[in-house]
Amino acid sequence: LEEKINELSEAKIQLEIHNEKLELIVKQRTEDLIETNIELEKSNKKLSAIFDYCADGIITISADGVILDTNPAFQRICGLNNEEISGKYFDQLFINEGSGLVCNKLNPRKHIFLRDYKLRNVITKNIMPVEISFAPIIMSQYQEINSYVGVIRDVTLQHEMDRLREDFIATL
């Protein structure tokens, strides 16, 4: 009986040692997780600031061309708020004569640059020429791509400068 008591006492001591080790591991991993969450939060705030205050329009679309999210600059360009834009197809907002659906141009392996697109502002009814640069958003370690980010730049001034240059050359 005394031998069993000694064995149980020894087992209890070993269990307490393992328990302390386990508590130490849990504490360390919890601290690491908290640190990682703080870094992730900082990164998210930085990304949100870039997204919200960028002068160019930013849009995210699904692989089939459905608009998922837009930044305030894009919303100002087209005269709609994010709720009115989200869920629409890219080709419902952008005008491109005879070039086909944008989702057929998206490439998961590289960035693409689209010219000769136009965007109509719903409020002012102005149609402005834009250039769009799309890049795939890689969402996992398996390189899955189910959405794209696009930067939309108003090139009205560039087109006007080109027109003025051509007019000037024509008068020479």
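Residues numbered from 1 in each chain as written. Predicted model: local features only at pLDDT ≥ 70, side-chain atom pairs only at ≥ 80, totals over all residues. Heavy atoms only, no water.

1. Things to note about the overall build of the protein
Secondary structure summary: the protein contains five helices and six strands in total. Along the protein, helices (α) and strands (β) appear in the sequence α-β-β-α-α-α-β-β-β-β-α when read from the amino end. Taken against the 2.2 N^0.38 rule, which gives 16 Å for 172 residues, the C-alpha radius of gyration of the protein at 28 Å runs more than 25% over that of a compact globule. Across its three principal axes, the protein shows a C-alpha extent of roughly 110 × 35 × 30 Å. Taken over 172 residues, the protein has a buried fraction of 27%. The long-range fraction of contacts in the protein, counting pairs at least 24 apart against all pairs at least 6 apart in sequence, stands at 41%. Of the roughly 12600 Å² of accessible surface on the protein, 57% is carried by carbon and sulfur atoms. In the protein, 20 side chains carry a positive charge and 28 a negative one; their mean positions are 7 Å apart. (Helix = DSSP H or I, 4+ residues; strand = E, 2+ residues; numbered from the N terminus. Rg over C-alpha atoms; globule rule 2.2 N^0.38 Å. Buried < 20%, exposed > 50% of the residue type's maximum accessible area, 1.4 Å probe, protein only. Contact = heavy atoms within 4.5 Å. Areas by Shrake-Rupley, 256 points an atom, 1.4 Å probe, with all protein chains shown as cover. Lys, Arg positive; Asp, Glu negative; His and termini not counted. Charge placed at Lys NZ, Arg CZ, Asp CG, Glu CD.)

2. Some remarks on the pattern of salt bridges
As enumerated under the stated definition, the model contains seven salt bridges in all. In this structure, Glu7 engages Lys4 in a salt bridge whose closest nitrogen and oxygen atoms are separated by 4.0 Å. Of this pair, Glu7 and Lys4 both sit in helix 1 (residues 2-53), three residues apart, roughly one helical turn. Residue classification places Glu7 among the partly exposed positions, given a relative accessible area of 41%. With a relative accessible area of 53%, Lys4 lands in the exposed category. A salt bridge links Arg163 to Asp167, with the shortest nitrogen-to-oxygen separation between them at 2.7 Å. A residue pair is termed a helical-turn pair when its members lie 3 or 4 positions apart in one helix, as Arg163 and Asp167 do in helix 5 (residues 156-171) at four residues. (Salt bridge = Lys/Arg side-chain N within 4 Å of Asp/Glu carboxyl O.)

3. Here we look at the environment of Gly57
As for its placement among the helices and strands, Gly57 is situated in strand 1 (residues 57-62). The class for Gly57 is buried, based on a relative accessible area of 0%. If near-sequence neighbours (up to four positions away) are discounted, Gly57 is found in contact with Asn71, Ala73, Phe74, Ile77, Gly150, Val151 and Ile152.

4. Here we look at the side chain of Glu131
Residue position: Glu131 is located in strand 5 (residues 127-138). One buried charged side chain, Glu131, makes no salt bridge at all; its nearest oppositely charged neighbour is Arg115, positioned 4.2 Å away. In this structure Glu131 touches Phe113, Leu114, Arg115, Val151, Ile152, Arg153, Val155 and Gln158, once residues within four positions along its chain are discounted.

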